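Analysis of the macromolecular model
Spelled out from the first residue to the last, the chains are:
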2 protein chains.
Amino acid sequence: MKLSSKGRYGLKAMCELATHYGEGALSLPQIAASTGLSEKYLEQLLTALRKDGLVKASRGASGGYYLTAPPDEITVGSVLRCLENGLKIVDCIDGECCNAAGCSTRGVWEKLYRAINECLDGMTLAKLTEEQ
Amino acid sequence: MKLSSKGRYGLKAMCELATHYGEGALSLPQIAASTGLSEKYLEQLLTALRKDGLVKASRGASGGYYLTAPPDEITVGSVLRCLENGLKIVDCIDGECCNAAGCSTRGVWEKLYRAINECLDGMTLAKLTEEQ
DNA sequence: ATCAATCCCTATCAATTTACTATGGTATAT
DNA sequence: ATATACCATAGTAAATTGATAGGGATTGAT
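My aim in this report is to walk through the structure given alongside it, one point at a time. (Residues numbered from 1 in each chain as written. Chains lettered and ligands numbered in written order. Predicted model: local features only at pLDDT ≥ 70, side-chain atom pairs only at ≥ 80, totals over all residues. Heavy atoms only, no water.)

Before going further, it helps to spend a moment on the overall build of chain A. Helix and strand content of chain A: six helices and two strands. Counting helices and strands in the order they occur from the N terminus, chain A gives α-α-α-β-β-α-α-α. Overall size of chain A, expressed as C-alpha extent along the three principal axes, is 60 × 30 × 25 Å. Counting the 132 residues in chain A, one finds 48% classified as buried. Considering only contacts in chain A between residues 6 or more positions apart, those separated by 24 or more positions represent 62%. Total accessible area computed for chain A in this model is approximately 6,400 Å², and 46% of it derives from carbon and sulfur atoms. Side chains of chain A carry 15 positive and 16 negative charges; the gap between the two charge centres is 5 Å. (Helix = DSSP H or I, 4+ residues; strand = E, 2+ residues; numbered from the N terminus. Buried < 20%, exposed > 50% of the residue type's maximum accessible area, 1.4 Å probe, protein only. Contact = heavy atoms within 4.5 Å. Areas by Shrake-Rupley, 256 points an atom, 1.4 Å probe, with all protein chains shown as cover. Lys, Arg positive; Asp, Glu negative; His and termini not counted. Charge placed at Lys NZ, Arg CZ, Asp CG, Glu CD.)

Structural data, given as structure tokens:
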């Protein structure tokens with residue numbers, strides 16, 4: 001059970017956007033430079049975040065990405081759910097369970113899923129940038 | 001961020017041992033039959049659990065595996081930490097952090113790590129078999 | 001003491017996932 | 001007009017995972 005690079009890097013990028021919130025759009029090369037990622041890889045992450053409505057993009061010269069809400073209204077959970085396949089730690093979180101015999105391990109996954117989401121939804125981007 | 005088969009199947013096997021606690025050892029073929037796993041694969045899981053002191057093995061005819069403690073003293077957390085590489089969701093949980101610039105995402109991982117462990121350590125094998 | 005049943009160890013391998021690169025196109029503000 | 005930015009699709013090497021296989025070594029029951 002490991003977090004993927006998408007989640008780790010994506011959250012960093014979102015923090016970068018959070019620290020510059022209200023200053024207009026941040027271009028892809030700018031974010032790439034401050035996070036140390038390649039532009040093309042970062043682009044994939046931002047596209048996913050955009051499709052989930054967490055960021056918006058303005059095109060053309062001096063365009064770039066910016067948060068769709070103030071940093072204190074964007075939770076870490078919403079960012080990671082976007083980049084970590086809904087934070088589904090097992091396949092049967094929402095579907096039917098494959099539990100035929102044996103004991104009910106399903107309850108474990110459901111409780112763990114809830115704990116993870118509650119923990120991450122209790123943190124906002126604003127809190128992270130404040131701590132820095 | 002997904003749980004591996006080792007964790008999922010290993011917990012099932014431990015539940016199987018829990019339901020037969022006090023009845024002597026359960027042989028590998030017996031556990032394999034009730035969980036639907038191959039004997040050889042299950043063997044790897046049980047070896048890991050044995051090295052962590054969660055189960056013991058008795059050899060020879062009519063031997064097998066059994067829990068080293070009553071089911072209400074074995075937490076789900078201890079089982080999954082054994083099979084999921086200590087539940088370390090990122091590499092820098094215990095070591096130094098690679099955070100040079102940007103924001104402190106490290107605090108997120110530490111809080112999440114704690115939340116996961118607290119959740120899983122709040123559940124015992126006894127609870128799971130009761131619910132069944 | 002023997003022997004059959006069990007646990008123990010190491011290596012291997014295919015499938016999947018992940019992380020990242022590459023190419024080219026399309027829209028837009030200056 | 002054009003440079004600058006975003007958008008979309010493929011492809012690929014490395015790492016991880018999930019599982020299989022074979023052959024010991026040890027022990028308890030007879």
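Having put the structure on the table, let's press on.
All right, on to the nonpolar core then. The biggest cluster of nonpolar side chains holds 84 residues, and the ones touching the most others in it are M14 of chain A together with M14 of chain B. Beyond its immediate chain neighbours, meaning those up to four positions away, M14 of chain B contacts L49, L54, V55, L67, I74, V79 and L125 of chain B. (Core = buried A, V, L, I, M, F, W, Y, C linked by side-chain atoms within 4.5 Å.)

Moving on: the protein's contact with DNA strand D. Neighbouring DNA strand D are 25 residues; K40 and E43 of chain A together with K40, Q44 and R59 of chain B lie closest to it. Of everything in DNA strand D that lies within 4 Å of the protein, sugar and phosphate atoms constitute 68%. Y65 of chain A is positioned such that a nitrogen or oxygen atom in its side chain is 3.4 Å from a phosphate oxygen of DNA strand D. The backbone of S5 of chain B places a nitrogen or oxygen atom 2.9 Å from a phosphate oxygen of DNA strand D. Where the surface near DNA strand D is concerned, the elements lending two or more residues are α3 (39–51), β1 (55–58) and β2 (64–67) of chain A together with α1 (5–19) and α3 (39–51) of chain B. Its residues assigned to classes, the surface near DNA strand D shows seven nonpolar, 12 polar and six charged. (Near = heavy atom within 4 Å. Polar contact = N/O pair within 3.5 Å; in protein donor to acceptor, adjacent residues only side chain to side chain. Nonpolar A, V, L, I, M, F, W, Y, C, P; charged D, E, K, R; others polar.)

Residues and elements named next belong to chain B. For T75, the location among the structural elements is in the loop between β2 (64–67) and α4 (76–83). Taking the relative accessible area as the measure of exposure, T75 reaches 18% and is therefore buried. For T75, the side chain forms a polar contact with the side chain of D121, separated by 3.2 Å.

Moving on, we get to the relation of the copies chain B and chain A. Between chain B and chain A, which share one sequence, the superposing operator has a rotation angle of 180° and an axial displacement of 0.0 Å; the RMSD is 0.0 Å. Taken together, the rotation and translation relating the two chain copies correspond to the operation of a two-fold axis. Closest to the rotation axis within chain B is the C-alpha of M1 of chain B, separated from it by 2.7 Å. The share of interface residues of chain B whose copies in chain A are also at the interface is 100%, consistent with both copies meeting through the same surface. (Least-squares fit on C-alpha atoms with pLDDT ≥ 70 in both.)

Attention shifts here to the protein's contact with DNA strand C. If you check the shell around DNA strand C, you find 23 residues, and the closest are K40, Q44 and R59 of chain A together with E43 and G64 of chain B. Counted by atom, the contact set of DNA strand C within 4 Å of the protein is 66% sugar and phosphate. Q44 of chain A places a polar side-chain atom, nitrogen or oxygen, 2.6 Å from a base oxygen of DNA strand C. Top contributing element to the surface near DNA strand C by residue count: α3 of chain B, with four residues.

When we look at a pair of aromatic rings, we describe it by the centre distance and by the angle of the planes. Residues and elements named next belong to chain A. Overall, the coordinates contain two aromatic pairs over all chains when judged by the stated rule. For the pair Y9 and Y41, a centre-to-centre distance of 6.4 Å together with 85° between the ring planes defines the contact as edge-to-face. Here Y41 lies in helix α3 and Y9 lies in helix α1 (residues 5–19), a separation of 32 residues in the sequence. We note R8 situated over the ring of Y9; from NZ or CZ to the ring centre the distance is 5.5 Å. (Phe/Tyr/Trp six-rings, centres within 6.5 Å; stacked < 30°, edge-to-face > 60°. Lys NZ or Arg CZ within 6 Å of the ring centre and 35° of its normal.)

Another point: the packing of helix α5 (residues 106–121) of chain A against helix α5 (residues 106–121) of chain B. Interaxial distance between α5 of chain A and α5 of chain B falls to 9 Å at its minimum, and their mutual angle equals 150°. As judged from the angle between their axes, α5 of chain A and α5 of chain B are roughly antiparallel. For α5 of chain A against α5 of chain B, the interelement crossing comes out right-handed. Of the residues in α5 of chain B, those in contact with V108, K111, L112, A115, I116, C119 and L120 of chain A of α5 of chain A are V108, K111, L112, A115, I116, C119 and L120 of chain B. For the contact of α5 of chain A with α5 of chain B, a count of residues per class yields 12 nonpolar, no polar and two charged. (Axes fitted to C-alpha atoms, helices over the stretch in contact; angles between N-to-C directions. Parallel < 35°, antiparallel > 145°, perpendicular 65-115°, else oblique. Left-handed = near helix turned anticlockwise from the far one by under 90°.)

A rise of 1.5 Å per residue sets the reference length of α1 of chain A, with its 15 residues, at 21 Å; its end C-alpha atoms lie 21 Å apart and thus fit the reference within 8%. When α1 of chain A is considered as a whole, its buried residues turn out to be G7, G10, L11, K12, A13, M14, C15, E16, L17 and A18 of chain A. (Expected span 1.5 Å × (residues − 1).)

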